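Descriptive analysis of the structure
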Amino acid sequence: MKIDILTLFPEMFVPVTDSSILGKAREKGILDINLINIRDFSEDKHNKADDTPFGGGPGMVMLAQPIFSALESIKAQGKKILYMSPRGKVIDRQSIESFAGEKEIVILCGHYEGVDQRALDYWNMEEVSIGDYILTGGELPAMVLIDAVARFIPEVLGSEDSIVDESIYSGLLECDQYTKPRQFQDLEVPEVLTNGNHKLIHLWQYENALTLTKERRKDLFDAYLEKEKNLTKDEKKILEKVVAKPL
């Protein structure tokens, strides 16, 4: 998959896209991340990429011209173009999977008070957000989007099961995790996780995930209850127990 990133600060992406899982995916040729500096396409002698807004108001607005030229340089017409914007639709599993199914996506990172609307309209950009809060620019949201999308691209993760079993995507928050040693600072790993009984381990993990979700994300818990579930008799008992338990 190819990801073109239009930004005023391409250097921000290098530590993220060259490291960890994303870095390995790039090395294997699974991901092709192309960083494009919008200022390089400015027709201003000082590489100006912003100006004051018509109608007045604080801050600056990114110019349409450098964005147009940058998009033309990668022949972006007809491609999926995303604009990271706090007024966009908040991404979820469905949208992330949809983006992961594209051969190429283009991401525009805004700054200042935003982008000249004509650039968004002409290029039919889809405005997307990572949450209801404001950041100093679109670079950090773009990194979040890229990381989330990459996980749905085949071979990026070591196991395909890692996607569906993950917190949120499974419908429940992830259960508590432990590793060696069994005792640390007088704190013990739950005995059930060390006895080798996989059925009991699964039931403990299921109850733990249910309890955490009910306590921390009641919205997810309620949505989980409304879904049709193919549960075993033991799982149904655990679910009934957690539902009855007061917060």
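Structural notes, computed from the coordinates. (Residues numbered from 1 in each chain as written. Predicted model: local features only at pLDDT ≥ 70, side-chain atom pairs only at ≥ 80, totals over all residues. Heavy atoms only, no water.)

As for the packing of aromatic side chains
How we decide: Between 30 and 60 degrees the pair is tilted, below 30 it is stacked and above 60 it is edge-to-face, where a pair is any two Phe, Tyr or Trp rings, Trp via its six-membered ring, whose centres lie within 6.5 Å. For helices the rule is a DSSP run of H or I covering at least 4 residues; for strands it is a run of E covering at least 2, with both sets numbered from the N terminus onward.
Under the criterion given, the structure shown has three aromatic pairs. Ring plane angle 35 degrees and centroid distance 4.8 Å describe the contact between Phe68 and Tyr122, whose orientation is recorded as tilted. Highlighted residues: Phe68 in helix H3 (residues 64–73) and Tyr122 in helix H5 (residues 117–122), separated in sequence by 54 residues. Relative to Trp123, the ring of Tyr122 lies with its centre 5.4 Å away and its plane at 75 degrees, an arrangement referred to as edge-to-face. Through pairs of rings, three or more aromatic residues link up here, namely Phe68, Tyr122 and Trp123.

Things to note about the pairing of strand E5 (residues 80–90)
Our working definition: The criterion for strand pairing is that DSSP finds at least two bridges linking the strands in question. When the strands point away from the viewer, a crossover counts as right-handed if the route from the first strand across the helix to the second turns clockwise.
The pairing of E5 with strand E6 (residues 104–109) spans five bridges and is parallel. By the bridge assignment, Lys80 is partnered in E6 with Ile105. As for the winding sense of the linkage, the β-α-β connection from E5 through helix H4 (residues 93–100) to E6 is right-handed. Bridge count for E5 against strand E7 (residues 126–129) is five bridges, and the pairing is parallel. Each residue of the ladder has a partner; that of Lys89, found in E7, is Val128.

Comments concerning helix H9 (residues 218–226)
Note on helix geometry: an α-helix contains 3.6 residues per turn, so any two residues three or four positions apart are oriented the same way. Heads up, the rule is: Under the scheme applied here, a residue whose accessible area is under 20% of the maximum for its type counts as buried, over 50% as exposed, and between as partly exposed, the area being computed with a 1.4 Å probe on protein chains only. Directions are taken from the helix axis to each C-beta atom, and the arc is the one they span.
Among all positions of H9, only Leu220, Phe221 and Tyr224 are buried. Looking straight down H9, one finds its buried side chains confined to an arc of 100 degrees; they lie on one side.

Some points on the packing of H9 against helix H10 (residues 233–244)
The cut-off we apply is this: What counts as an axis is a line fitted to C-alpha atoms, over the stretch in contact for a helix, and the angles between N-to-C directions run from 0 to 180 degrees. These descriptions rest on fixed angle ranges, namely under 35 degrees for roughly parallel, over 145 for roughly antiparallel, 65 to 115 for roughly perpendicular, and the rest for oblique. By the definition used in this description, the sense in which the near helix is turned from the far one sets the handedness, with an anticlockwise turn below a right angle giving left-handed and a clockwise turn giving right-handed. Whether two residues are in contact is decided by their heavy atoms: any pair within 4.5 Å suffices. All amino acids are sorted into three groups, where Ala, Val, Leu, Ile, Met, Phe, Trp, Tyr, Cys and Pro are nonpolar, Asp, Glu, Lys and Arg are charged, and the leftover types, Gly among them, are polar.
One way to put it is that H9 packs onto H10 with a least axis distance of 13 Å and a crossing angle of 140 degrees. One finds that H9 runs oblique with respect to H10. Between H9 and H10 lies a crossing of left-handed hand. Between H9, through Phe221, Tyr224 and Leu225, and H10, the contact on the second element is made entirely by Leu239, Val242 and Val243. Class assignment for the residues of the contact of H9 with H10 results in six nonpolar, no polar and no charged.

Structural notes on the environment of Ile105
For Ile105, the position within the fold is in strand E6. Ile105 gets classed as buried once you look at its relative accessible area, which sits at 1%. Along the backbone, Ile105 and Ile146 are 41 residues apart, and their C-alpha atoms lie at a distance of 9.9 Å. Sequence-distant contacts of Ile105, defined by excluding residues within four places in its chain, comprise Met1, Lys2, Ile3, Asp4, Lys80, Leu82 and Phe99.

Quick word on the environment of Asp116
Along the chain, Asp116 falls in the loop between E6 and H5. You can call Asp116 buried: its relative accessible area is 16%. Taking the C-alpha atoms as reference points, Asp116 and Lys103, 13 residues apart in sequence, are found 27 Å from one another. The contacts of Asp116, once residues within four sequence positions are left out, are Val61, Met62, Leu63 and Ala64.

Focus on the pattern of salt bridges
Where side chains of opposite charge bring their charged atoms close, a pairing between them can arise. The condition is simple: Salt bridge, as used here, is a side-chain nitrogen of Lys or Arg placed within 4 Å of a carboxyl oxygen of Asp or Glu.
Taken as a whole and assessed by the stated rule, the structure comprises 13 salt bridges. The closest approach of N and O atoms between Lys48 and Asp51, which form a salt bridge, is 3.4 Å. Take Asp51: its relative accessible area is 31%, and that puts it in the partly exposed class. Lys218 serves as the salt-bridge partner of Asp222, at 2.9 Å between the closest nitrogen and oxygen. Taken together, the residues Asp222 and Lys218, both in helix H9 and four residues apart, mark about one turn of the helix. Among the residues examined, Asp222 registers a relative accessible area of 30% and is labelled partly exposed. Since its relative accessible area comes to 37%, Lys218 is described here as partly exposed.

A closer look at the side chain of Asp4
Inspection of the secondary structure assignment puts Asp4 in strand E1 (residues 2–7). Beyond its immediate chain neighbours, meaning those up to four positions away, Asp4 contacts Asn34, Ile36, Ile74, Glu104, Ile105, Val106 and Ile107.

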